[in-house]
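# A closer look at the structure
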Amino acid sequence: MELNSTQLTAQFKKQVIDKYTIYNSLFAALPYSGVANVGAMLPILLEACEKGYEKEKSPAEIIDNYFSQHTDVCSEQEKLNHLFKYVQYIERQVVLFDAIEDAAFSSLHDVAGAGSLKSILRDAKLLKKSELISKKLEKFKLRLVLTAHPTQFYPANVLGIIHDMGEAIGKNDLTTLSQFIQQLGLTPFFNKKQPTPANEAVTLMWFLENVFYHSIGTLYTKIVNEVFAGKYSGENTFIELGFWPGGDRDGNPFVNADTTRFVAKSLRSSIIVCYYRDIRKLKRKLTFSGVDVLINELEKKLYENVFTPEQAVPITKKEILDCLVNIRSLVIEQNYSLYLPKLESLIHKVMLFGTHFASLDIRQDSRIHHQVLQEVHQTLLEKDGKGILPTNYSNLSLPDRLRALAKLKGRLDPRGFDATLTQDTLQSLYAIQSIQQTNGHLACHRYIISNTQSAIHVMELVALLMLCGWDEYLAHLDIVPLFETIEDLANADGIMKMLYADPFYKQHLAHRKFKQTIMLGFSDGTKDGGYLQANWSIYLAKERLTAISRDNQVAVIFFDGRGGPPSRGGGKTHQFYESLGNRIEKEEIQLTIQGQTITSNFGTIPSAEFNIEQLVSAGVSNEVFADNEPQLNDKDRQTLNTLSQLSYEAYLKLKHHPQFLTYLQKFSPLNYYGKSNIASRPTKRGVKDELSFSDLRAIPFVGSWSQLKQNIPGFFGFGSALKTLKQRGQWNEVEHLFHTNSFFRSLIDNSVMSMVKSNFELTQYIEQDSDFRDFRQIMHKEYILTRELYLELTKDASLMEKDPLGKHSILLRERIVLPLLTIQQFALSKLQQQSLDATLKEVYTKLVTRSMFGVINAARNSV
């Protein structure tokens, strides 16, 4: 039964807040040495922070007053020892809260409520549209792509503890929970050295094996049973997984062809281990004559493929399925269908995951492809006097250059080139072929081109593929251009129009059944143009790309590069997909999920199954019930255009302010992301020592604003735009748009979430800084303005009023980490002191870095 707001609040208090209060007391026994009564002192520090900010004290004043008034600690070293222990303690409080909230998930969410399959099936039956649901699902697909960006601060061993704690909490097993809490106190929370891409891949495979394998398998079976009444023979698997660690080369010099091959091999091993475990369980049930022989043979082959893969004959998806289908026939015909559901559950998983588990995407920047192509041309020109490009190539028209690139063929030897980048790029193209041959075509069938700004960028990759013997294999590869900046989004349809007209590319599309995947980047779009402009630009780009694709009889599939927070395309993602208009192709939903979002939305089997089902339902209901949702009319579009342009102008003015980047570097931990050892990829592009805005990656950019509790990328400019329309007498048009269009409402809702996670009291002390006072006031005034106009527009008394669960969770998490944020700001202020000696500077740098982990984990979708 779906609970109302009051009931949800009461349930949240009972299942989360009260349990946290009780179980938090167990932390008093945490095995910390050197500082007594950390658990008893921390509430005093929290109270000191809350009262201090009420009195507009600075973080440094709050920390100094706390030590002088509540402790007998005098030396700076002793103070630092205390602060590090507080950081450790709070990190583990966040883990406890995560585990409690995860354990309470099923009691706080109605799995048969709005957005569930049962819900849309009920609505479809009432509207006599039941048949449309099954027809849509015969072709609709959801693709979740796991990425390894630096947003996940829990190492694999901590993930395991969270999982086990959740089970103990669900059983109210205090004895076991106490042991887990002590284990947590002794377990390191950070990497002592920077992880490799292979490390990141193995960490993410924990989720594949322990969560996605089970939740997606269960959901597939649910769709077959509830939508198709158990009789589904179609090839569409409804849900599939993608994987970026080991394949995403964009700006990561540590990913190479060997990494890609290792990860593909590990994915294969991981899924076969899952099958082996299930077969072992089935073997104890399916003990029937004839069946036992088949299951023993399959168990043996799986064992050999897992434990002695070098000697074993690689087992294929078809081989596994054929054996299981034969077993199913014997179970049905001779053994009364005993344990049939368990057997069919495994068959469904094999259909879903094959021998690849998740499709490994390859991604690289277009500028690298251009550089490699030129290197190949120049090297061959110097060796034999004949390069690969026409002598007048640079003077040719764009269509002629496209034709010249399409004619290239060969089988280059990577060892024949001096540049490491050239060697590895060519080796990676050969690696894709070998992965497909071993794990099947779905194992690695997409190549994403970052920074696509011209049709030539797509054809340069095609040329490199053909020079590596891909003429026979190109039919098995999707080439995916990625458009990110506001300018690139505006030009995207023109680029695709030129590609669709190119004879070679048109032939390639024919091999791919005239399906074209196009990736759109929310993160860099927001960094480039602000929240509203980025989202509206992507919406319009999708409409134009849909139109040009339909004109060319191409089925376009949009792949959304989304991060965790609303400012990077995150937030309530399923609401976004429900709101897309009929001018946008929506045969599939494809999106990236990363770091904290994996943990928070897909970290347990119940939450993963719920959120994946919500996304599947969003994709289905968007089309089936499209006539119930008013479409954007010309007046609405004009209102959105005006709002977007006004917010864009306000954001650009802020972004081009001379203090924009220096403010972030001085008052946030931006400069310390690279020291945190949380990811293999550098935090900025390029090799220059000096940081420029263009080189700054979206993740540390957004994450730093989040740590500062001024979530500028999630709201800035929206308030100014609303104010201008109100002054022009067009407020009624904004209200009409809000009440009639779910896309605009989803933008408001997600932006509001960013604001609830903001806390300008933390940086009130900057008002005393004559250099940066005025700049901070610009942002604070925009925050106040935006909050006031949001409340006026929504008619709510407070932000996130209609999402009590989300709001209570955020506010409690923010309260837990308030001392951590204060410690971070205190350490940053110390690092500004010129008189600080080298030893203390190193210690305070470590304190800033350590404080980042708990803040990020508590926010769950901050980067």
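As the structure is a prediction and not an experimental result, all values here were calculated from the model. Here the residue numbers are simple positions, counted from 1 along each chain's written sequence. For this predicted model, a pLDDT threshold of at least 70 governs which residues receive local features, and a threshold of 80 or more governs which side-chain atom pairs are given and counted, while totals over whole chains, interfaces and linings are taken from all residues. Values shown for side chains rest on all heavy atoms present in the structure; no hydrogens or waters enter the calculation.

## A look at the overall build of the chain
Helical segments are the DSSP runs of H or I of at least four residues, strand segments are the runs of E of at least two, and each set is numbered from the N terminus. Regarding its fold elements, the chain presents 34 helices and eight strands. Here the globule rule reads 2.2 Å times residues to the power 0.38, and the radius of gyration is calculated from C-alpha atoms. For 863 residues, the compact-globule estimate of 2.2 N^0.38 gives 29 Å, and the chain sits close to it at 28 Å. With respect to the principal axes defined by its C-alpha atoms, the chain has extents near 75 × 75 × 60 Å. For this analysis, residues touch if any pair of their heavy atoms sits within 4.5 Å. For the chain, restricting intrachain contacts to residue pairs at least 6 apart in sequence, the fraction spanning at least 24 positions comes to 81%. For the area figures, the Shrake-Rupley method with a 1.4 Å probe applies, and any residue is considered shielded solely by the protein chains shown. With an accessible surface of roughly 34,600 Å², the chain has 50% of that area assigned to carbon and sulfur atoms. One way to put it: in the chain the 97 positive side-chain charges average out to a point 2 Å from where the 95 negative ones average out. Neither His nor the chain ends contribute to the count of charged residues, in which Lys and Arg are positive and Asp and Glu negative. For this purpose, a charge sits on NZ of Lys, CZ of Arg, CG of Asp or CD of Glu.

## A look at the side chain of Gln-533
Structurally, Gln-533 can be placed in helix α22 (residues 531-551). Working definition: with a 1.4 Å probe on protein chains only, accessible area under 20% of the residue-type maximum means buried, over 50% means exposed, and in between means partly exposed. Relative accessible area serves as the criterion here: at 10%, Gln-533 is assigned to the buried category. The residues touching Gln-533, leaving out its near neighbours within four places in the chain, are Ile-486, Ser-644, Gln-645, Ser-647 and Tyr-648.

## Section: the sheet that holds strand β8 (residues 588-594)
The sheet built from eight strands closes into a barrel, its strands ordered β1-β2-β3-β4-β5-β6-β7-β8 with parallel pairing. Ignoring which end each strand starts from, the neighbouring axes of this sheet average 25 degrees apart. Whether two strands pair comes down to DSSP finding at least two bridges between them. In terms of strand pairing, strand β4 (residues 446-450) meets strand β5 (residues 478-483) through four bridges, oriented parallel. Residue Ile-449 lies in a different strand from β5, and its bridge partner there is Pro-481. The axes are straight lines fitted to the C-alpha atoms, using for helices just the contacting stretch, and the angles between their N-to-C directions are given from 0 to 180°.

## Here's the deal with the packing of helix α3 (residues 59-70) against helix α33 (residues 804-831)
Packed helix pairs are specified by the crossing angle of their axes together with the interaxial distance, meaning the distance between the axes. α33 packs onto α3 with a crossing angle of 105 degrees between their chain directions and a minimal axis gap of 8 Å. In this view, α3 runs roughly perpendicular relative to α33, as classed from their interaxial angle. Contacts from Pro-59, Ala-60, Ile-62, Ile-63 and Asp-64 in α3 reach Thr-822, Ile-823, Gln-825, Phe-826 and Ser-829 in α33. Oblique is the label for any angle not covered by the other classes, which are roughly parallel (under 35 degrees), roughly antiparallel (over 145) and roughly perpendicular (65 to 115).

## Side note on the pairing of strand β2 (residues 239-243)
Every regular strand shows the same layout, with side chains that alternate between the two sheet faces. By the criterion of burial, β2 is predominantly enclosed, with five of the five residues buried. On β2, burial covers both faces: Ile-239, Leu-241 and Phe-243 on one face and Glu-240 and Gly-242 on the other are all buried. Pairing analysis gives five bridges linking strand β1 (residues 141-147) to β2, with the strands arranged parallel. Considered in β2, the bridge of Leu-144 is made with Leu-241. Examined bridge by bridge, β2 and strand β3 (residues 359-365) share two bridges and lie parallel to one another. From the neighbouring strand, Gly-242 faces β3, where its bridge partner is Ser-359.

## Digging into the pattern of salt bridges
Within this document, salt bridges are pairs made up of a side-chain nitrogen of Lys or Arg and a carboxyl oxygen of Asp or Glu, the two lying within 4 Å of each other. Inspection of every chain in the model, using the stated rule, returns 43 salt bridges. Across the pair Glu-91 and Arg-92 runs a salt bridge whose closest N-O atoms are separated by 3.2 Å. Accessibility classification places Glu-91 together with Arg-92 in one group, the buried group. The salt bridge partner of Arg-813 is Glu-101, with a shortest N-O separation of 2.7 Å. Taken together, the residues Arg-813 in helix α33 and Glu-101 in helix α4 (residues 76-103) connect sequence positions 712 residues apart. Since its relative accessible area comes to 5%, Arg-813 is described here as buried.

## Some thoughts on the pairing of β8
The buried count for β8 comes to seven of seven residues, which makes it a mostly enclosed element. Every second residue of β8 is oriented toward a common face, with Glu-588, Gln-590, Thr-592 and Gln-594 on one face and Ile-589, Leu-591 and Ile-593 on the other, all of them buried. Where β1 and β8 come together, seven bridges link them in parallel fashion. Opposite Thr-147, over in β8, you have Gln-594 as the bridge partner.

## Quick notes on the packing of helix α17 (residues 420-439) against helix α18 (residues 455-467)
Running from N to C, α17 and α18 point in directions that differ by 70 degrees, and their axes come no closer than 10 Å. Taken together, the axes of α17 and α18 lie roughly perpendicular to each other. On α18, the residues that touch Leu-426, Leu-429 and Tyr-430 of α17 are Leu-461, Leu-464, Leu-465 and Leu-467. Residues belonging to the contact of α17 with α18 are distributed by class as follows: seven nonpolar, no polar and no charged. Charged residues are taken to be Asp, Glu, Lys and Arg, nonpolar residues to be Ala, Val, Leu, Ile, Met, Phe, Trp, Tyr, Cys and Pro, and polar residues to be all remaining types, Gly included.

## As for the packing of aromatic side chains
Any two of the Phe, Tyr and Trp rings considered here, Trp counted by its six-membered ring, make a pair once their centres fall within 6.5 Å; the pair's planes then place it as stacked at under 30 degrees, edge-to-face at over 60, or tilted in between. Following the criterion strictly, the structure yields 37 aromatic pairs and no others. Centre to centre, the rings of Tyr-663 and Phe-772 are 6.1 Å apart; their planes meet at 50 degrees, and the pair counts as tilted. Here Phe-772 lies in the loop between α31 (742-756) and α32 (773-794) and Tyr-663 lies in helix α27 (residues 660-667), a separation of 109 residues in the sequence. Among the residues examined, Tyr-663 registers a relative accessible area of 0% and is labelled buried.

## Observations regarding helix α6 (residues 117-126)
Inspection of α6 places Leu-117, Ser-119, Ile-120, Leu-121 and Ala-124 among the buried residues, and these make up the whole buried set. Where α6 is buried, its residues meet α7 (130-137), α10 (197-227) and α25 (605-624). One or two positions beyond α6, positive phi appears at Lys-128, with a value near 55 degrees.

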